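Residue-level listing of the chains:
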Amino acid sequence: MNLAQALHTAARRYCINQHTYWATRYSEISSADRDRAGIFPRYNVLNTIRVELERIDPDKLTDLNATRDQIMLAGINANDEFTLKPIRQIDADAMANERKAFCTFIRELSDVELPFVEPLPYQRVLSKSESEFLWSQLRKRWNIADGYWFPLAECPLLDVAAFQDRYFNEFCSSFSLTNLLSARGISRIWELREYGPEYEQEKSIFSPHYDGAEGYWSSDNLDWIVYASHESSITVGGWLLTEVKDHWTEWEKRIWNSPFF
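Predicted, not measured: the structure shown is a model, and the values here were computed from it. The residue numbers shown here count from 1 along each chain, following its written sequence. In keeping with the predicted nature of the model, local features appear solely for residues at pLDDT of at least 70, side-chain atom pairs appear and are counted solely at 80 or more, and the whole-chain, interface and lining totals rest on all residues. Side-chain metrics rest on all non-hydrogen atoms present in the structure, leaving aside hydrogens and water.

> Even after reading the chapter, I still don't get the sheet that holds strand E7 (residues 233-238), so can you show me in this structure?
Strand order in the open sheet formed by seven strands is E1-E4-E3-E5-E6-E7-E2, and the pairing between neighbours is antiparallel. At either end of the open sheet lies a strand with only one pairing partner, and these are strand E1 (123-125) and strand E2 (160-164). Between one strand axis and the next, the sheet turns through 20° on average, direction left out of account. Strands are labelled as partners when DSSP assigns at least two bridges between them. A run of H or I in DSSP becomes a helix once it reaches four residues, and a run of E becomes a strand once it reaches two; helices and strands are each numbered from the N terminus. Both strand E5 (residues 215-218) and strand E6 (residues 224-228) contribute to a ladder of three bridges, which runs antiparallel. Only the stretch in contact is used when fitting a helix axis, every axis being a line fitted to C-alpha atoms; angles between N-to-C directions are given from 0 to 180 degrees.

Below is the structure:
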């Protein structure tokens, strides 16, 4: 990791850590039934800065000064639907404060400190053209129409099965799917979503779940797939399904048949 990549990593980590801090504060204040004004805009703006940072491909970063300028611009200009129109002045002030704190951190992080920055798993937001291309390939390979996929829609393919998400997640907590990917020589995967940012990411981040947007995961050869729906289902296809069945003794009992199990 060169110094430019270390700076980019430090910026991502800052956003992740501060987002966690303010989200936790929000939860604590909510539980105590205290005024939450000015809290949620802080973690919203940190999230949108992180997403903007992850549009930058760290593999292409070499110039430290240019990278610092690019990161600062992200801190100043990054916006999404949650940050563009603050509800009150206190919200606008809170976001401005977080942007200033981020930029101060980046400006003051010295070249001496950068070699000691701990790496983070690779994660890059896909461009619109990349996303459109991957969606077209995924739909063609796995017979995915517009809208939902199996089991919420018909699928003629034989090498797919849908499981109850809670039990599938329990299985994954005791058995590493990333090890199966590693055994196939897969180092990076695609995460495509119903809406929101879509990613190329290191396999260690692989965590198939519904987060408010339906999600699909695969990799370059598109010879495996995972789909998480809003109806508590996790669909697995291709060689990964064969491996899951081989390692999960209870898979037949956990086939999805309704969102209520």
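> How do you make sense of the nonpolar core when you look at a structure like this?
Here is a general trend for soluble globular proteins: nonpolar side chains tend to be buried in one another's company. Buried residues of nine kinds, namely Ala, Val, Leu, Ile, Met, Phe, Trp, Tyr and Cys, make up a nonpolar core once their side-chain atoms join them within 4.5 Å. Exposure classes here rest on a 1.4 Å probe applied to the protein chains alone. A residue is buried below 20% of its type maximum, exposed above 50%, and partly exposed in between. Leu-7, Ile-49, Leu-53, Ile-71, Phe-102, Ile-106 and Leu-114 are the most contacted members of the largest nonpolar core, which totals 26 residues. Every element with two or more residues in this core is listed here: helix H1 (3-31), helix H2 (40-53), helix H3 (64-77) and helix H4 (89-108). With eight residues, the top contributor of residues to this core is H1. Discounting chain neighbours no more than four positions away, the residues touching Ile-71 are Leu-7, His-8, Ala-11, Leu-53, Phe-102 and Ile-106. Whether two residues are in contact is decided by their heavy atoms, any of which lying within 4.5 Å being enough.

> Looking at this model, I keep getting lost on the pattern of salt bridges. Mind explaining?
Any carboxyl oxygen of Asp or Glu that lies within 4 Å of a side-chain nitrogen of Lys or Arg is treated as forming a salt bridge with it. A complete count under the given rule lists 16 salt bridges for this structure. The partner of Glu-54 in a salt bridge is Arg-12, and the shortest N-O contact between them spans 3.1 Å. One end of the pair, Glu-54, is in the loop between H2 and H3; the other, Arg-12, is in helix H1, with 42 residues separating them in the sequence. Glu-54 gets classed as buried once you look at its relative accessible area, which sits at 1%. We classify Arg-12 as buried; its relative accessible area is 6%. Between Glu-28 and Arg-25 there is a salt bridge, with its nearest N and O atoms 3.6 Å apart.

> Would you mind showing me how to read the packing of H3 against H4 here?
Packed helices, taken two at a time, are described by their axes: the angle between them and the distance between them. The geometry of H3 relative to H4 is characterised by a closest axis approach of 9 Å and an angle of 170° between their N-to-C directions. By the criterion of interaxial angle, the relationship of H3 to H4 is roughly antiparallel. Of H4, the residues touching H3 (which contributes Arg-68, Ile-71, Met-72, Ala-74, Gly-75, Ile-76 and Asn-77) are Arg-99, Phe-102, Cys-103, Ile-106 and Arg-107. In this classification, Asp, Glu, Lys and Arg are treated as charged, Ala, Val, Leu, Ile, Met, Phe, Trp, Tyr, Cys and Pro as nonpolar, and every other residue, Gly included, as polar. Looking at side-chain class alone, the contact of H3 with H4 contains seven nonpolar, two polar and three charged residues. With respect to orientation, any angle under 35 degrees is reported as roughly parallel, any angle over 145 as roughly antiparallel, any angle of 65 to 115 as roughly perpendicular, and every other angle as oblique.

> Help me understand the side chain of Gln-123 in this model?
With respect to the helices, strands and loops of the structure, Gln-123 is situated in strand E1. Of note is the side chain of Gln-123, whose polar atom sits 2.8 Å from the side chain of Gln-201. Apart from residues no more than four positions distant in its own chain, Gln-123 is found in contact with Arg-12, Arg-50, Glu-54, Tyr-199, Glu-200, Gln-201 and Ile-205. Polar contact is the term for a pair of N or O atoms within 3.5 Å; when the atoms are in protein, one must be able to donate a hydrogen and the other to accept it, and sequence-neighboring residues count only if both atoms are side-chain atoms.

> Quick question: what am I supposed to make of H3 here?
Working note: α-helix, 3.6 residues per turn, so residues spaced by three or four point in the same direction. In this scheme, a helix's expected span is set at 1.5 Å multiplied by one less than its residue total. A rise of 1.5 Å per residue sets the reference length of H3, with its 14 residues, at 20 Å; its end C-alpha atoms lie 20 Å apart and thus fit the reference within 8%. The backbone nitrogen of Asn-65 lies 3.1 Å from a side-chain oxygen of the residue at the head of H3, namely Asp-63.

> What should I look at first to understand the side chain of Asn-44 in this one?
Considering the arrangement of structural elements, one finds Asn-44 in helix H2. The class for Asn-44 is buried, based on a relative accessible area of 17%. Those residues within four positions of Asn-44 in sequence are excluded, and the remaining contacts are Phe-82 and Thr-83.

Structural measurements only, silent on function.
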